[in-house]
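Structural characterization, general
The lines below spell out each chain.
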Protein chains: 2
Amino acid sequence: MNEKRITLAYGSGGRLTHQLIKDIFVKHLGNEILYQMNDSAVVTLNGRLAFTTDSYVVSPIFFPGGDIGKLAVNGTVNDLAMVGAEPLYMSLSIIIEEGLSLEELEKIVLSIKDAVEESGVRIVTGDTKVVEKGKADKVFINTSGIGVIPNGIDISGNNAKPDEVIVVSGTIGDHGIAILSARKDLSFSADVKSDTAPLNRLVKKMIEAVPEISALRDPTRGGLATTLNEIAQASNVGIEIEESEIPIKDSVKNACDLLGIDPLYIANEGKLIAIVPKDKADLLVEVMRNSPYGKDARIIGRVTREHPGKVVLITRLGARRLLDMLSGDPLPRIC
Amino acid sequence: MNEKRITLAYGSGGRLTHQLIKDIFVKHLGNEILYQMNDSAVVTLNGRLAFTTDSYVVSPIFFPGGDIGKLAVNGTVNDLAMVGAEPLYMSLSIIIEEGLSLEELEKIVLSIKDAVEESGVRIVTGDTKVVEKGKADKVFINTSGIGVIPNGIDISGNNAKPDEVIVVSGTIGDHGIAILSARKDLSFSADVKSDTAPLNRLVKKMIEAVPEISALRDPTRGGLATTLNEIAQASNVGIEIEESEIPIKDSVKNACDLLGIDPLYIANEGKLIAIVPKDKADLLVEVMRNSPYGKDARIIGRVTREHPGKVVLITRLGARRLLDMLSGDPLPRIC
């Protein structure tokens with residue numbers, strides 16, 4: 001094989017590091033702030049800012065519907081959007097296992113470029129490290145992000161109030177099942193793509209139409225059930241959701257049956273939960289359905305005064321089942 | 001052995017992840033912004049901001065003079081300080097290899113706590129991932145940071161001008177040699193501690209006394225020689241340094257002789273290079289020497305019109321030697 005591979009020297013901080021930064025990162029992701037090339041990027045901002053970070057260790061790094069690069073950009077864009085912020089600037093820090101091909105690295109960076117362009121965020125600072133073969137798994141990516149929160153917006157997981165309504169933006173479980181289907185060691189394949197997507201433009205439209213939104217959260221690791229538990233606890237309210245109202249693709253449902261896992265605990269990477277006053281819920285759903293990443297939006301439940309801190313699922317047969325947080329780990333390295 | 005160890009379930013996003021965050025991270029690093037516990041931290045800021053990121057993969061994770069936690073905080077604090085910013089907020093994202101003991105993790109977090117307190121920065125958002133045994137190396141840490149740049153300050157690696165003077169804050173090569181001495185596979189030990197330190201308070205005093213500072217850079221990976229090359233290229237100027245003026249501890253010099261490596265290419269984690277107008281250099285050195293992390297500060301060279309983009313070392317014997325950027329990788333995973 002003649003293809004070029006990353007060696008430890010690419011992480012030395014010397015000539016090869018500079019060449020890698022120039023030939024791959026700056027080439028594809030360059031903008032006038034990244035070009036500053038100082039120890040920190042310098043940007044001008046005013047007001048209430050959102051700041052978030054996530055490391056991505058998903059395995060495999062390429063999967064149906066995306067790859068680790070797209071996931072890393074969209075994930076951080078979404079974390080900013082979930083407090084109502086407009087994502088502006090992002091950092092990109094990559095840990096590479098010695099032996100990764102430059103071709104694979106460039107493929108990931110091109111995917112980052114696409115994701116950055118779709119969401120409108122800019123990568124303004126970065127870092128590259130290389131570790132010996134066997135001391136990482138191909139590539140890990142950290143993205144941190146900064147966004148600006150419009151005046152008057154106060155969206156937080158502890159804002160949910162009794163009688164408010166719970167809206168989900170679309171089908172759940174797609175991402176987790178897509179990752180499982182891509183793992184070679186599972187003799188299982190489902191025709192499911194990851195839902196990884198930037199939700200910032202959807203959120204912007206939602207906030208413009210319904211500034212009264214109380215809480216937003218993207219149900220990633222731990223899935224819908226865990227995220228609703230977080231909101232119930234933070235807001236000290238109860239939550240009830242209707243099993244029959246939760247949108248799940250048939251292929252995801254079948255895969256979950258086969259694997260014996262519950263889709264309510266599977267990670268999503270392009271979905272959100274909104275909690276909103278009852279009288280605004282229909283308007284919100286309508287606005288969401290006009291956006292490509294909200295077209296399957298629907299109301300799935302309500303906030304209650306009863307059983308504060310707890311989430312109850314009302315099954316198709318009308319039974320009430322306590323939905324706990326995820327315990328144990330059915331799906332390691334899903335993001 | 002009965003000690004508790006990190007399992008994959010700690011990275012699931014479910015109950016154990018929440019418990020780990022509460023019992024270790026929030027317990028030791030908590031502040032009112034971190035307590036928000038939303039997908040992003042919300043902070044209010046105005047003006048010119050510095051934004052930076054670094055991932056730390058140093059091996060071993062504990063070494064003379066510090067550990068990966070202290071390094072991760074100080075490194076990002078210093079990157080902010082190098083554009084003149086006051087470090088304010090930091091993110092903390094940890095990738096843990098399954099099997100790390102909770103005791104070791106807590107030791108690292110306590111070290112982070114100390115470093116955070118010394119520099120005055122606050123950790124406001126974070127992330128924890130766990131990967132299978134053999135898919136990482138104990139622990140990798142990413143920190144990203146935000147700081148505010150005072151009005152009127154314009155410090156950048158492309159600002160160096162002919163006839164300006166080059167000041168270094170202290171002895172070079174300490175960090176790299178400390179890491180090598182801690183590696184079990186090297187039959188070598190030197191009585192050298194890492195110089196890892198937060199330089200923000202030193203920089204603040206420097207800027208107050210000499211706001212005309214043109215450039216600041218901390219010579220980490222690639223060492224003094226590589227960093228000076230970066231400045232020479234970015235500013236399109238030549239740089240000359242005097243070998244006899246560069247402060248190096250005897251123990252570091254001896255270790256470098258023994259290992260056959262050049263201290264000018266060894267990483268530092270608590271030192272800086274300042275480029276300053278000639279008539280302000282003595283004042284700057286005096287101010288630096290009054291600060292604990294600048295007590296060995298001295299002038300080591302000058303900026304020239306000649307040989308733009310190149311760095312020349314004037315040896316003890318008066319010979320002129322071209323100092324290139326680091327090529328190859330004498331010291332992998334030094335930070």
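Reading guide: rules and limits
Residues numbered from 1 in each chain as written. Chains lettered and ligands numbered in written order. Predicted model: local features only at pLDDT ≥ 70, side-chain atom pairs only at ≥ 80, totals over all residues. Heavy atoms only, no water. Helix = DSSP H or I, 4+ residues; strand = E, 2+ residues; numbered from the N terminus. Rg over C-alpha atoms; globule rule 2.2 N^0.38 Å. Buried < 20%, exposed > 50% of the residue type's maximum accessible area, 1.4 Å probe, protein only. Contact = heavy atoms within 4.5 Å. Areas by Shrake-Rupley, 256 points an atom, 1.4 Å probe, with all protein chains shown as cover. Lys, Arg positive; Asp, Glu negative; His and termini not counted. Charge placed at Lys NZ, Arg CZ, Asp CG, Glu CD. Salt bridge = Lys/Arg side-chain N within 4 Å of Asp/Glu carboxyl O. Domains from an automatic or database assignment. Buried area = accessible area lost by both parts, 1.4 Å probe. Polar contact = N/O pair within 3.5 Å; in protein donor to acceptor, adjacent residues only side chain to side chain. Nonpolar A, V, L, I, M, F, W, Y, C, P; charged D, E, K, R; others polar. Pairing = 2+ DSSP bridges. Axes fitted to C-alpha atoms, helices over the stretch in contact; angles between N-to-C directions.

A few words on the overall build of chain A. Summing up its helical and strand segments, chain A has eight helices and 13 strands in all. Relative to its length of 335 residues, chain A is compact, with a C-alpha radius of gyration of 21 Å against a globular reference of 20 Å. The C-alpha extent of chain A, read off along each of the three principal axes, is 65 × 50 × 30 Å. Here chain A holds 335 residues, and 63% of them are scored as buried. Long-range contacts, defined here as pairs at least 24 residues apart, represent 85% of the contacts in chain A between residues at least 6 apart. Working note: accessible area of chain A is about 12,500 Å², and carbon and sulfur atoms make up 48% of it. In chain A, the 38 positive side-chain charges and the 45 negative ones have mean positions that sit 2 Å from each other.

Tallied over the full model, the rule gives 44 salt bridges over all chains. Between Lys271 of chain B and Asp195 of chain B there is a salt bridge, with its nearest N and O atoms 3.1 Å apart. Residue Lys271 of chain B is located in the loop between α7 (250–259) and β10 (273–276), and its partner Asp195 of chain B is located in the loop between α4 (174–182) and α5 (200–209); the two are separated by 76 residues in the primary sequence. Given a relative accessible area of 10%, Asp195 of chain B falls into the buried group. Glu230 of chain B is paired through a salt bridge with Arg217 of chain B; the nearest N and O atoms lie 3.0 Å apart. Taken together, the residues Glu230 of chain B in helix α6 (residues 223–235) and Arg217 of chain B in strand β8 (residues 215–217) connect sequence positions 13 residues apart. Within the structure, one salt-bridge network assembled from shared partners comprises Asp54 and Arg221 of chain A together with Asp127 and Lys129 of chain B.

With that settled, the discussion passes to the domain arrangement of chain A. Residues and elements named next belong to chain A. Considered domain by domain, chain A is made up of domain 1 (8–149) and domain 2 (164–323). Distance between the C-alpha centres of domain 1 and domain 2: 27 Å. Between domain 1 and domain 2, the residue contacts involve 22 residues of the former and 23 residues of the latter. Summed over both sides, the interface between domain 1 and domain 2 buries roughly 1,800 Å², with carbon and sulfur atoms accounting for 58% of that surface. The three residues of domain 1 that bury the most area against domain 2 are Pro64, Met82 and Glu118, which together make up 32% of that side's buried surface. Linking domain 1 to domain 2 there are zero salt bridges. One can count ten residue pairs in polar contact (both at pLDDT 80 or more) joining domain 1 with domain 2. Elements that contribute at least two residues to the side of domain 1 that touches domain 2 include exactly α2 (68–81) and α3 (102–119). Here the side of domain 1 that touches domain 2 gets eight residues from one element, more than from any other, and that element is α2. Per-class residue counts for the side of domain 1 that touches domain 2 are nine nonpolar, nine polar and four charged.

The interface is formed by 73 residues belonging to chain A together with 74 residues belonging to chain B. Buried area between chain A and chain B, summed over both chains or domains, comes out near 6,000 Å², and the portion from carbon and sulfur atoms is 53%. Three residues stand out in chain A for area buried against chain B, namely Asp39, Phe51 and Arg221 of chain A, and they jointly supply 14% of the buried area on that side. There are ten salt bridges connecting chain A and chain B. Linking chain A to chain B there are 47 residue pairs in polar contact (both at pLDDT 80 or more). If you tally residues by element for the side of chain A that touches chain B, the top one is strand β1 (residues 41–56) of chain A, at 15 residues. For the side of chain A that touches chain B, the residue count by class is 29 nonpolar, 27 polar and 17 charged. Pairing geometry for β1 of chain A and strand β1 (residues 41–56) of chain B, over eleven bridges, is antiparallel. Within β1 of chain B, the position partnered with Ala41 of chain A by the bridge is Phe51 of chain B.

Let's shift gears to the sheet that holds strand β13 (residues 320–323) of chain A. All names here are of chain A. As summarised here, the arrangement of the seven strands in space is β8-β10-β7-β11-β9-β12-β13, forming an open sheet in which the pairing is mixed. Two strands in the sheet have a free side with no partner beyond their single neighbour: β8 (215–217) and β13. Each strand of the sheet is rotated relative to its neighbour by a mean of 25°, with strand direction disregarded. Summarising the sheet, strand β7 (residues 165–168) and strand β11 (residues 298–304) pair through four bridges and their orientation is antiparallel. What sits directly across from Val168, in β11, is Arg298.

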